[in-house]
Each structure stands twice: as structure tokens, then as C-alpha cells.
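Secondary and tertiary structure notes
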Amino acid sequence: DLNHIAMENQELRQRVAYLEDQLTVSADMAAAAAEEVRRKQDHIDAAEHHFQRAEGMYAEAFSRHQQELDHHRQEAERVHKQALASLERVHESTVRSYEKRI
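What counts, and where the lines are drawn
- Residues numbered from 1 in each chain as written.
- Predicted model: local features only at pLDDT ≥ 70, side-chain atom pairs only at ≥ 80, totals over all residues.
- Heavy atoms only, no water.
- Helix = DSSP H or I, 4+ residues; strand = E, 2+ residues; numbered from the N terminus.
- Rg over C-alpha atoms; globule rule 2.2 N^0.38 Å.
- Buried < 20%, exposed > 50% of the residue type's maximum accessible area, 1.4 Å probe, protein only.
- Areas by Shrake-Rupley, 256 points an atom, 1.4 Å probe, with all protein chains shown as cover.
- Lys, Arg positive; Asp, Glu negative; His and termini not counted.
- Charge placed at Lys NZ, Arg CZ, Asp CG, Glu CD.
- Salt bridge = Lys/Arg side-chain N within 4 Å of Asp/Glu carboxyl O.
- Phe/Tyr/Trp six-rings, centres within 6.5 Å; stacked < 30°, edge-to-face > 60°.

In this section: the overall build of the protein chain. Each helix and strand in the protein chain was counted, giving one helix and zero strands. Relative to a compact globule of 102 residues, whose C-alpha radius of gyration would be 13 Å, the protein chain shows 43 Å and is clearly more extended. The C-alpha extent of the protein chain, read off along each of the three principal axes, is 145 × 15 × 10 Å. Within the protein chain, buried positions represent 0% of all 102 residues. Counting every atom, the protein chain has about 9700 Å² of accessible surface; 59% of that belongs to carbon and sulfur. Here the protein chain carries 14 positive and 20 negative side-chain charges, and the mean point of each set is 20 Å from the other.

A separate point is the pattern of salt bridges. One pass over the full model with this rule turns up seven salt bridges. When the shortest N-O distance is used, the salt bridge between Glu36 and Arg39 registers 2.4 Å. Within this pair, Glu36 and its partner Arg39 are both found in helix α1 (residues 2-101), separated by three residues, close to a single helical turn. One continuous salt-bridge network, built from bridges that share partners, spans Glu35, Glu36, Arg38, Arg39, Lys40 and Asp42.

Turning our eyes to something else, we now look at the packing of aromatic side chains. Under the defined criterion, the tally for this structure stands at one aromatic pair. Summarising the aromatic geometry, the rings of Tyr58 and Phe62 are spaced 6.2 Å apart at their centres and angled 25 degrees between planes, so their arrangement reads as stacked. A residue pair is termed a helical-turn pair when its members lie 3 or 4 positions apart in one helix, as Tyr58 and Phe62 do in helix α1 at four residues. Judged by relative accessible area, which is 47%, Phe62 ranks as partly exposed.

This brings us to the environment of Val37. On the secondary structure map, Val37 appears in helix α1. Look at Val37 and you get exposed, because its relative accessible area is 57%. Taking the C-alpha atoms as reference, Val37 lies 28 Å from Gly56; in sequence the two are 19 residues apart.

This is a description of form; function is not addressed.
What follows is the structure in C-alpha cells.
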């Protein structure tokens, strides 16, 4: 009977050792998975940072181009008004010249 208890004890020890090994493997896998999650989060954080920088740069460039467009539009309006005024003066001068001839 003592021999039977010793065999059961040995089987239980082997089972406990196997379960401890499995637990160690599971813990190692969990640690590896946690490290992978951390690495991926680092990549996400870096991508988010780059996106925010790009978004800021885009906003600055858009604002700068908008200001340039506004400046060019104002300049075009000014030149257009000058051209209209010049045409009006030429027209008036031409009309006066024809009126003097008649």
C-alpha cells in the first residue's frame, strides 16, 4: 500500500511539475504579448505625433497660401481698378476729341 501511495505521490509531483511548466510558458507568452502590445502602442503614438505635426504644418501652409491668395486678389482688384480708370480717361479723352472735331 505504501508503494501505491509513493507512485501516486510521484504522479502528482509530475503533474504539478508539468502544470508549473505550463504556467511558466503561459507567463512567458503573456509577457511577450504585453511587450508586443507596448511596441505597437509606441508605433501608434509615434504615428499620432507625426500626424499631428503634419496636420499643423498643413494648417500653417494652408493659412500662408490663403494669405498669399488674398494678397494676389487684392492686387488684381487694384490693378483692375487702375485699368478701368485708365480706360475711362482714354474714353473721355477720345469723346472730347471727337466732340471738338464735330
